[in-house]
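# Per-entry structural report
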Amino acid sequence: MEKTTLLYEGKAKKLFKTDDPAIVWVEYLNQATALNGAKKDQISGKGELNNQITAQIFNFLKSKGINNHFIELLSEKEQLIQTVEIIPLEVVVRNVAAGSFSKRLAIPEGTPLNRPIVEFYYKNDALEDPMIIEDHIEFLQLATTDEIAQLRKMALEVDEALTALFDSMDITLIDFKLEFGRQKDGSILLADEVSPDTCRLWDKKTKEHLDKDIYRRDLGDIIPIYQEVLNRLEKRGE
Ligand code: 5GP
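Residues numbered from 1 in each chain as written. Predicted model: local features only at pLDDT ≥ 70, side-chain atom pairs only at ≥ 80, totals over all residues. Heavy atoms only, no water.

Looking at an unreviewed UniProt entry, one finds the protein chain named Phosphoribosylaminoimidazole-succinocarboxamide synthase and attributed to Enterococcus gilvus ATCC BAA-350. According to its UniProt record, the protein chain has this under Catalytic activity (unreviewed entry): "5-amino-1-(5-phospho-D-ribosyl)imidazole-4-carboxylate + L-aspartate + ATP = (2S)-2-[5-amino-1-(5-phospho-beta-D-ribosyl)imidazole-4-carboxamido]succinate + ADP + phosphate + 2 H(+)". Recorded in UniProt under Pathway (unreviewed entry), the annotation for the protein chain is "Purine metabolism; IMP biosynthesis via de novo pathway; 5-amino-1-(5-phospho-D-ribosyl)imidazole-4-carboxamide from 5-amino-1-(5-phospho-D-ribosyl)imidazole-4-carboxylate: step 1/2." (UniProt positions renumbered as here; feature names shortened; annotations may be inferred.)

## What about the UniProt feature "domain: SAICAR synthetase/ADE2 N-terminal" (unreviewed entry) in the protein chain?
Under the UniProt annotation, "domain: SAICAR synthetase/ADE2 N-terminal" (unreviewed entry) lies at residues 6-232. Across residues 6-232, the secondary structure splits into 30% helix and 34% strand, with the terminal C-alpha atoms separated by 34 Å. (Helix = DSSP H or I, 4+ residues; strand = E, 2+ residues; numbered from the N terminus.)

## Section: the site of the ligand
Near the ligand there are 17 residues, and of these Arg94, Ser100, Asp175, Asp197 and Arg200 occur at the shortest range. Take Ser100: an N or O atom from its side chain is 2.6 Å from an oxygen atom of the ligand. Alone, the ligand offers 490 Å² of accessible surface; in the complex the protein occludes 78% of this. (Near = heavy atom within 4 Å. Polar contact = N/O pair within 3.5 Å; in protein donor to acceptor, adjacent residues only side chain to side chain. Areas by Shrake-Rupley, 256 points an atom, 1.4 Å probe, with all protein chains shown as cover.)

## Focus: the nonpolar core
Counting residues in each nonpolar core, the largest one holds 52 residues, and the members touching the most others are Ile57, Leu61, Leu89, Phe120, Leu162 and Phe180. Per-element tally for this core: the top contributor is helix H4 (residues 145-167), with nine residues. With residues up to four places along the chain from it excluded, the contact list for Leu89 reads Phe120, Tyr121, Lys123, Ile132, Ile137, Leu142, Ala143, Leu151, Leu178 and Glu179. Residues Leu15, Val26, Tyr28 and Ile81 belong to the second largest nonpolar core, which totals five residues. (Core = buried A, V, L, I, M, F, W, Y, C linked by side-chain atoms within 4.5 Å. Buried < 20%, exposed > 50% of the residue type's maximum accessible area, 1.4 Å probe, protein only. Contact = heavy atoms within 4.5 Å.)

## Concerning the sheet that holds strand E6 (residues 70-73)
Taken together, the five strands give an open sheet; going across it, the order is E1-E2-E3-E7-E6, and neighbouring strands pair in antiparallel fashion. For this open sheet the edge positions go to strand E1 (3-9) and E6, each flanked by a neighbour on one side alone. Direction aside, neighbouring strands of the sheet carry axes that sit 30° apart on average. Two elements, strand E2 (residues 13-18) and strand E3 (residues 23-28), share five bridges in a ladder whose sense is antiparallel. Looking at the pairing, Lys14 lines up with Glu27 of E3. (Pairing = 2+ DSSP bridges. Axes fitted to C-alpha atoms, helices over the stretch in contact; angles between N-to-C directions.)

## A look at the environment of Ile23
Tracing the backbone through its elements, the reader meets Ile23 in strand E3. If sequence neighbours within four positions are ignored, Ile23 has contacts with Met1, Thr18, Ile71, Leu80, Ile81 and Thr83.

## Examining the packing of aromatic side chains
Inspection of every chain in the model, using the stated rule, returns zero aromatic pairs. The ring of Phe16 is capped by Lys3, whose NZ or CZ atom sits 4.4 Å from the centre of that ring. Between the NZ or CZ atom of Lys39 and the centre of the ring of Tyr215, over which it lies, the distance is 4.4 Å. (Phe/Tyr/Trp six-rings, centres within 6.5 Å; stacked < 30°, edge-to-face > 60°. Lys NZ or Arg CZ within 6 Å of the ring centre and 35° of its normal.)

## Looking at the pairing of strand E13 (residues 188-191)
Side chains Ile188 and Leu190 of E13 all project onto a buried face; the interleaved residues Leu189 and Ala191 project onto the opposite face, where all are buried too. Across four bridges, strand E12 (residues 171-182) lies against E13 in antiparallel orientation. When the sheet's bridge partners are listed, Gly181 is paired in E13 with Leu189. The antiparallel hairpin formed by E12 and E13 contains five residues in its connecting segment, where Gly186 sits at a positive phi of about 90°.

## Points about the pattern of salt bridges
Taken as a whole, this structure holds 25 salt bridges when the rule is applied. A salt bridge links Arg94 to Asp175; its shortest N-O distance comes to 3.4 Å. One end of the pair, Arg94, is in strand E9 (residues 89-96); the other, Asp175, is in strand E12, and 81 residues separate them in sequence. In this structure, Arg94 and Asp175 share a single accessibility class: buried. (Salt bridge = Lys/Arg side-chain N within 4 Å of Asp/Glu carboxyl O.)

## Re the pairing of strand E10 (residues 112-122)
When E9 meets E10, the two strands line up antiparallel, connected through seven bridges. From the neighbouring strand, Val96 faces E10, where its bridge partner is Pro112. With two bridges joining them, E10 and strand E11 (residues 131-132) adopt antiparallel strand pairing. Paired with Phe120 across the bridge in E11 is Ile132.

## Considering helix H1 (residues 46-63)
Helix length check: H1 (18 residues) gives 26 Å between terminal C-alpha atoms against 26 Å at 1.5 Å per residue, within 8%. Of all 18 residues in H1, 13 are buried, a share of seventy percent or more. Two residues or fewer past H1, Gly65 is found with a positive phi of approximately 85°. (Expected span 1.5 Å × (residues − 1).)

In structure tokens form, the structure reads like this:
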């Protein structure tokens with residue numbers, strides 16, 4: 001497999017075409033961003049950690065029957081994924097109040113929710129990724145009614161699987177963001193990444209943040225924290 005031309009450069013990843021149109025080559029970058037790109041830093045080791053954590057999680061989700069784009073890990077910083085057309089929605093699932101939910105509704109961070117809550121955001125940098133409702137999604141023709149139902153169902157399945165996975169690692173899954181893509185035949189795959197950049201993870205005993213809030217809120221160095229998440233994931237397989 002050869003990597004060919006650059007397809008897309010995002011904030012955290014570069015995607016390259018390969019000699020097989022069905023396969024994309026991903027390189028995870030060391031760049032960290034927050035506040036819609038207003039806060040930006042190079043953090044050595046972050047790309048390697050998120051690449052390996054995402055690979056572990058996507059393999060786990062595959063073993064639970066959740067279809068995703070991950071094919072194989074190529075190196076510490078690189079992986080192969082299936083080509084999909086990304087649906088421009090961020091699907092957030094929340095189990096415990098935190099972040100924008102706490103701020104918007106004045107619910108203290110750490111308040112458990114009686115059932116998981118699913119939210120949709122429009123992936124649009126110029127609009128700063130606004131939260132949108134299902135009628136907006138249909139109006140903008142971002143996804144069909146059936147697809148929206150499927151996204152919600154898949155997001156809740158991911159939540160159930162990941163809540164159990166992290167629980168076994170002494171971590172509470174507070175909330176997370178997913179992205180999905182369409183394959184040529186119209187079927188939907190979980191895509192993008194699942195890592196401490198895209199999830200809120202709290203240590204069950206100490207309540208310590210094991211995620212990007214450390215960077216967003218200037219609470220310290222993310223590298224030992226992300227390494228701890230990877231160590232706990234790897235230990236699980238022993
Ligand atoms: P909130 O809406 O509270 O800021 O975020 C909810 C969850 O989704 C958090 O776990 C957060 O990490 C994730 N999330 C939401 N939007 C983004 C985004 O644009 N980038 C990343 N990396 N994570 C996001």
